[in-house]
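Topology and contacts: notes
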Amino acid sequence: MAESSWKPKRASAGTADSTKSTFNVELSIQSAEIKKALEEIVVEKDGFQLKDNKETTPPSLLILELDENPEETFSVIRDLVKAARGTEIFLTAAELDSAILLEAMRSGAKEFLAQPIQKQEVEDAFSRFQERATATVANDAPIKKDGKVLAFFGGKGGVGTTSMAVNTAAALMKLPSEPRVVLVDVNQHGGDLPLYLDIQPTHSFRDIAADPSRVDQAFLFRILTKCESGLQILASGYDDLSTGRLSPDCVESTLRMLQSNFDYVVLDCGHVLDLTTKKAMELASLILVTSTLMVPVVHRTKRILELLRGSGFPQSKLRLIMNRYLSGEKDVLVETEEILKQKAHWLVPNDYPSVSHSVNSGKPLIDTAPKTAVGKSYMDFAYSFDDQASKPQAKASTFGWLSPFKSKQTQPAT
Ligand SMILES: Nc1ncnc2c1ncn2[C@@H]1O[C@H](COP(=O)(O)OP(=O)(O)OP(=O)(O)O)[C@@H](O)[C@H]1O
Ligand SMILES: [Mg+2]
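Residues numbered from 1 in each chain as written. Chains lettered and ligands numbered in written order. Predicted model: local features only at pLDDT ≥ 70, side-chain atom pairs only at ≥ 80, totals over all residues.

**Quick look at helix α11 (residues 295-310)**
The end-to-end C-alpha distance of α11, which contains 16 residues, comes to 22 Å, matching closely the 22 Å that a straight helix rising 1.5 Å per residue would cover. Restricting attention to buried positions, one finds in α11 the residues Val297, Thr301, Ile304, Leu305 and Leu308. What you see down the axis of α11 is that its buried residues fit within an arc of 100 degrees, all on one side. Exposed and oriented more than 90 degrees from the buried face of α11 are Val295, Pro296, His299, Arg303, Glu306, Leu307 and Gly310. Of the surrounding secondary structure, the elements contacted by the buried residues of α11 are β13 (286-291), β14 (318-325) and α12 (330-340). Phi turns positive one or two residues past the end of α11, at glycine 312, with a value near 95 degrees. (Helix = DSSP H or I, 4+ residues; strand = E, 2+ residues; numbered from the N terminus. Expected span 1.5 Å × (residues − 1). Buried ≥ 20, exposed ≤ 12 C-beta atoms within 10 Å, placed from the backbone. Arc of directions from axis to C-beta. Contact = placed C-beta atoms within 7 Å.)

Below, the structure is given as structure tokens:
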């Protein structure tokens, strides 16, 4: 899959540009008074401007306020430093104690601004920032990642869409290139993705929907839930029994921002085609329609593929994934591909005991059953997205069970 357009790119706006040197500043400050004081200083200071919320490129400078839970703020700083290389972080807080200061510096904050805000102190910190940024501008301007968005959509309910999204995201995390991966539940009818990873997110899309204007870099990292593996999750917060709907606008602004911070944004879109999932799929690099070889599933998958093609989704973006595949089903597969007018891009072996054990233990297959055919299939699938990573030779030979279908996996979609 040789697509290079999604690789990290240098930002086109808001970066430290050696000819213009205007730095975008984002303020993630709760207290209105402190925010106003800092805004005034940014606006007055030559070479600095407030970042427009619609701009998805990470800011050059982010000023964060320490919240009631300092550990949470430090964790956000650590994630931001890793995700948005080239963004400097300043911390501001009312209480200044040495333990907090030390932890702030360790987590990656570059300056500490005491409250109440002292204009001179902030201006001096800005000047030091300018000096550092000018010295490192060639290599360290904020990078606008253009992460690959993989949207899994179910040809029917229960075909394994959530399993696909969870296990693909977990396998991507294991690639030698150590990509940054976020898994997003765009399914507002099920919204059960956290159960597959045994996490209980305290935040979700609902936090964004409550006030879309608040969505900035720091806010976004605050509402993600981090798994032990480092995989970040954005929960849906919606299901059939809850009130409200996840709006297409909310999904669009969130995905755009995630895309600029992560290498892979993996989406569980459920199986209901509505304006919200359609929007998510419009933003996707690939739409991975998940299906099985069961007649009712094939019947609905055919309708879904026709609807997607009819709605203007390019064929080059569509991929068919056959889940729960049994090795004796080759003839049925060929017949199904003809019916669907789509070659299968990937075959995931049927292994109910391993998959259900993984779901019930709240861990991805790559951890619970890495040596099974289904576990290996997911790892191989992850490798197929990373054109920089070459799969270790020893590993390649262990995927022997797939060799009769190898041509199918590499075949471009028709
Ligand atoms: N490769 C596989 N082999 C065997 N069983 C599988 C496989 N993948 C998924 N399953 C099983 O299929 C069932 C449905 O999986 P999953 O919840 O991922 O589907 P879904 O399409 O997301 O469902 P829903 O429409 O309810 O959101 C689960 O019991 C899961 O264990
Ligand atoms: Mg599901």
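**Brief notes about the site of ligand 1**
Near ligand 1, the surroundings consist of 21 residues, among which Gly157, Gly160, Thr161, Thr162 and Ser163 are the closest. Those elements that provide at least two residues to the shell around ligand 1 are α5 (161-173), β14 and α13 (352-361). Counting residues per element, the shell around ligand 1 draws most heavily on α13, which supplies 4 residues. Partitioned by chemical class, the residues of the shell around ligand 1 number 6 nonpolar, 13 polar and 2 charged. (Near = placed C-beta within 6 Å. Nonpolar A, V, L, I, M, F, W, Y, C, P; charged D, E, K, R; others polar.)

**Things to note about the pairing of strand β15 (residues 344-349)**
Counting buried positions along β15 yields 6 of 6 residues, so the element is predominantly enclosed. Examined bridge by bridge, β14 and β15 share 4 bridges and lie parallel to one another. Residue pairing for β15: methionine 322 is matched across the bridge by leucine 347. A crossover links β14 with its parallel partner β15, the connecting element being α12, and its sense is right-handed. (Pairing = 2+ DSSP bridges. Right-handed = clockwise from strand over helix to strand, strands pointing away.)

**Here we look at unusual backbone geometry**
For the bond from glutamine 115 to proline 116, the omega torsion is -5 degrees, close enough to zero to count as cis. By secondary structure assignment, the location of proline 116 is in the loop between β6 (111-114) and α4 (119-140). Look at aspartate 198: it is not a glycine, yet its phi comes out positive at around 50 degrees. On the neighbour-count criterion, aspartate 198 (13 C-beta atoms within 10 Å) is partly exposed.

**Some details on the pairing of strand β2 (residues 23-28)**
Looking along a regular strand, one sees side chains alternate from face to face of the sheet. Along β2, 6 of the 6 residues are buried, which leaves the element largely enclosed by surrounding structure. As paired strands, β2 and strand β3 (residues 48-50) are joined by 3 bridges and run parallel to one another. Of the residues in β3, the one forming a bridge with valine 25 is leucine 50. The parallel pair β2 and β3 is bridged by helix α1 (residues 32-44), and the resulting crossover is right-handed. Sheet topology note: the β2/strand β4 (residues 61-65) ladder contains 4 bridges and is parallel. Paired with glutamate 26 across the two strands is leucine 62, which belongs to β4.

**Here's the deal with the sheet that holds strand β8 (residues 148-154)**
The strands that make up a sheet pair up through hydrogen bonds in the backbone, lying either parallel or antiparallel. Strand order in this open sheet of 8 strands is β10-β11-β9-β12-β8-β13-β14-β15, and the pairing throughout is mixed. In this open sheet, the two strands that pair with only one neighbour each are β10 (225-226) and β15. Across 2 bridges, β10 lies against strand β11 (residues 232-234) in antiparallel orientation. If you follow threonine 225 over to β11, its bridge partner there is isoleucine 233. Strands in contact with helix α10 (residues 275-283) are β8, β12 (264-268) and β13; relative to β8, the strand with the most contacts, it is inclined by about 140 degrees. Sitting on the sheet, helix α15 (residues 373-385) touches β8 and β15, and the angle it makes with β15 is about 150 degrees. (Axes fitted to C-alpha atoms, helices over the stretch in contact; angles between N-to-C directions.)

**What about the sheet that holds β3?**
With parallel pairing, 5 strands are arranged side by side in an open sheet as β3-β2-β4-β5-β6. On the outer flanks of this sheet lie β3 and β6, each paired with one strand and no other. Within the sheet, the average angular offset between the axes of one strand and its neighbour, ignoring direction, is 25 degrees. Pairing analysis gives 5 bridges linking β4 to strand β5 (residues 88-93), with the strands arranged parallel. Among the inter-strand pairings, leucine 64 is bridged to a residue of β5, identified as leucine 91.

**Quick look at the environment of glutamate 306**
Mapping glutamate 306 onto the fold places it in helix α11. Remark: the alpha-carbon pair of glutamate 306 and lysine 341, spanning 35 residues in sequence, is separated by 9.4 Å.

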